[in-house]
Amino acid sequence: MPNIDLTNLLSAIAKGAPFNDEVCRVYHGRGDSQGETNFINLDWYPPYLFLACYNPINETTQNVLTEAVWQAQQTAGFNAKGLVFQYRAGRDTQVSVPFGEVQDRFEVAELGAKYWVQLTKTQNTGIFPDMREGRAFVKNNSHDAKVLNLFSYTCAFSVVAKLGGAQQVINMDMNKSVLRTGADNHRLNNVAENISYLPHDILKSFGKLKKAAPFDLIVVDPPSFQKGSFVLTKDYQKILRRLPDLCHSNTQLLLCANSPDVSEKLFIEMISDATEGRLSFVERLPAAPRFEEPDGANLKALVYRLA
């Protein structure tokens, strides 16, 4: 057997999914607390398992890894219909289905909402399981609200905002394709009214946003790096300094950063400096189940208000 200890991974599978019928993380290896398998993540997109590998491994090790996961999930009662293996160690992401069969596009559920996902076509699946607590916060704080969702991707925040009773949501993302999926997600949940989809570069669109302001809830969840358009450590400040102009006295803001290069302390300092202290920190949302990390370097989802 290749030199890889699968004990922690197999133990996590044996515990089952924290949310049996919902998308969730089964094993969080990238939190640097899992020994030899700290380069592996395993997610549950019912009825399929999604195994991601971020370090180079040879074909023999890959076969041992996927076989072990497939056998363990059967014993644990997942009864998955397929296993997707995403290999992200090289320049290009490679995807295979070593066991079972997987639909090109299918629905998953979370917190009373449904979303379209694709496990084999693109690097990102259509929903990020680590943001579960963020979506819960938005759903619980959207009643009668006017919501702005920046870097909206497939509009998951917008869907839960509407399910939480939001009056209006504006989604902005420069990728028209993900906004089309976002529109599909709203129709899937029967919440397609009073939704806007703006395929614009956020850094160049604050004039349009200011005309639509003020908002009751603002969500900012950017990528850590998007070639040619956004670098978190360089461009986030440009957005932060404009946010107070989109607020009223009771606006809530959910500001997110998912980069190991930006600690919670550094992120809070970045927000304070860019807004000149005009925003006041309220709390950091907890990590989603199975995403906990000892140093808190994972996703940072911070709640703010006007100071």
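Computed from a predicted model, the values in this text were never measured in an experiment.

1. Details of the pattern of salt bridges
Here comes step 1: Here the structure, examined in full by the defined rule, presents eleven salt bridges.
Here comes step 2: A salt bridge links R284 to E264; the shortest N-O distance between them is 2.8 Å. Separated by 20 residues along the polypeptide, R284 in strand β15 (residues 279-284) and E264 in helix α8 (residues 264-275) bring together distant segments of the chain.
Here comes step 3: Bridged by salt links that share partners, the residues R105, D184 and R187 form one connected network.

2. Re the environment of P18
Here comes step 1: Relative to the assigned elements, P18 resides in the loop between α1 (7-14) and β1 (24-28).
Here comes step 2: For the pair P18 and R290, spaced 272 residues apart in sequence, the C-alpha to C-alpha distance is 7.9 Å.
Here comes step 3: Leaving out residues up to four positions away in the same chain, P18 has contacts with C24, R25, P289 and R290.

3. Re unusual backbone geometry
Here comes step 1: Along the chain, P46 connects to P47 via a cis peptide bond; the corresponding omega equals 10°.
Here comes step 2: Checked against the element boundaries, P47 lands in the loop between β2 (40-45) and β3 (48-53).
Here comes step 3: Here the residue pair A213 and P214 is connected by a cis peptide bond, since its omega of 5° sits within 30 degrees of zero.
Here comes step 4: Residue position: P214 is located in the loop between α6 (206-212) and β11 (215-220).
Here comes step 5: For C155, which is not glycine, the phi dihedral falls at a positive 70°.
Here comes step 6: Mapping C155 onto the fold places it in the loop between β8 (146-150) and α4 (156-163).

4. Let's talk about empty space enclosed by the protein
Here the idea is plain: a probe the size of a water molecule rolls over the atoms and shows the empty space left.
Here comes step 1: Scanning the model with the defined rule gives one cavity of 30 Å³ or more in all.
Here comes step 2: Of the pockets and cavities examined, the largest cavity occupies roughly 40 Å³.
Here comes step 3: Residue classes in the lining of the largest cavity are distributed as seven nonpolar, no polar and two charged.

5. Focus: helix α2 (residues 59-76)
Here comes step 1: Taking 1.5 Å per residue, 18 residues should reach 26 Å; α2 reaches 26 Å between its end C-alpha atoms and fits that length.
Here comes step 2: Where α2 is concerned, the buried positions are T61, L65, T66, A68, V69, W70, A72 and Q73.
Here comes step 3: For α2, the secondary structure elements touched by its buried residues are α1, β2, β3, β4 (82-87) and β5 (94-100).
Here comes step 4: Two to three positions downstream of the cap, the backbone nitrogen of T60 sits 3.2 Å from a side-chain oxygen, assigning the N-cap of α2 to N58.
Here comes step 5: With its phi angle positive at about 95°, G77 sits one or two positions after the end of α2.

6. Here's the deal with the sheet that holds β8
Here comes step 1: With mixed pairing, the seven strands of this open sheet are ordered in space as β10-β9-β8-β11-β14-β16-β15. What marks the edges here is a single partner per strand, and that holds for β10 (195-198) and β15. Adjacent strand axes in the sheet meet at a mean angle of 20°, parallel and antiparallel pairs treated alike.
Here comes step 2: In terms of strand pairing, strand β14 (residues 247-257) meets strand β16 (residues 300-306) through six bridges, oriented antiparallel. In the strand pairing of β16, Q252 is matched with R305.
Here comes step 3: In the packing of α4 onto the sheet, contacts are made with β8, β9 (168-172), β10, β11 and β14, and the angle to β9 comes to roughly 180°.
Here comes step 4: Where helix α5 (residues 176-188) meets the sheet, its contacts fall on β9 and β10, and the angle it forms with β10 comes to roughly 170°.

Reading the values: rules and limits
- Residues numbered from 1 in each chain as written.
- Predicted model: local features only at pLDDT ≥ 70, side-chain atom pairs only at ≥ 80, totals over all residues.
- Heavy atoms only, no water.
- Salt bridge = Lys/Arg side-chain N within 4 Å of Asp/Glu carboxyl O.
- Helix = DSSP H or I, 4+ residues; strand = E, 2+ residues; numbered from the N terminus.
- Contact = heavy atoms within 4.5 Å.
- 1 Å grid on protein atoms, 1.4 Å probe; cavity = no way out; pocket = protein on both sides within 12 Å on 5 of 7 lines; lining within 4 Å.
- Points joined across faces, edges and corners; volume = space filled by probe spheres on them.
- Nonpolar A, V, L, I, M, F, W, Y, C, P; charged D, E, K, R; others polar.
- Expected span 1.5 Å × (residues − 1).
- Buried < 20%, exposed > 50% of the residue type's maximum accessible area, 1.4 Å probe, protein only.
- Polar contact = N/O pair within 3.5 Å; in protein donor to acceptor, adjacent residues only side chain to side chain.
- Pairing = 2+ DSSP bridges.
- Axes fitted to C-alpha atoms, helices over the stretch in contact; angles between N-to-C directions.

Geometric values such as these leave the question of function open.
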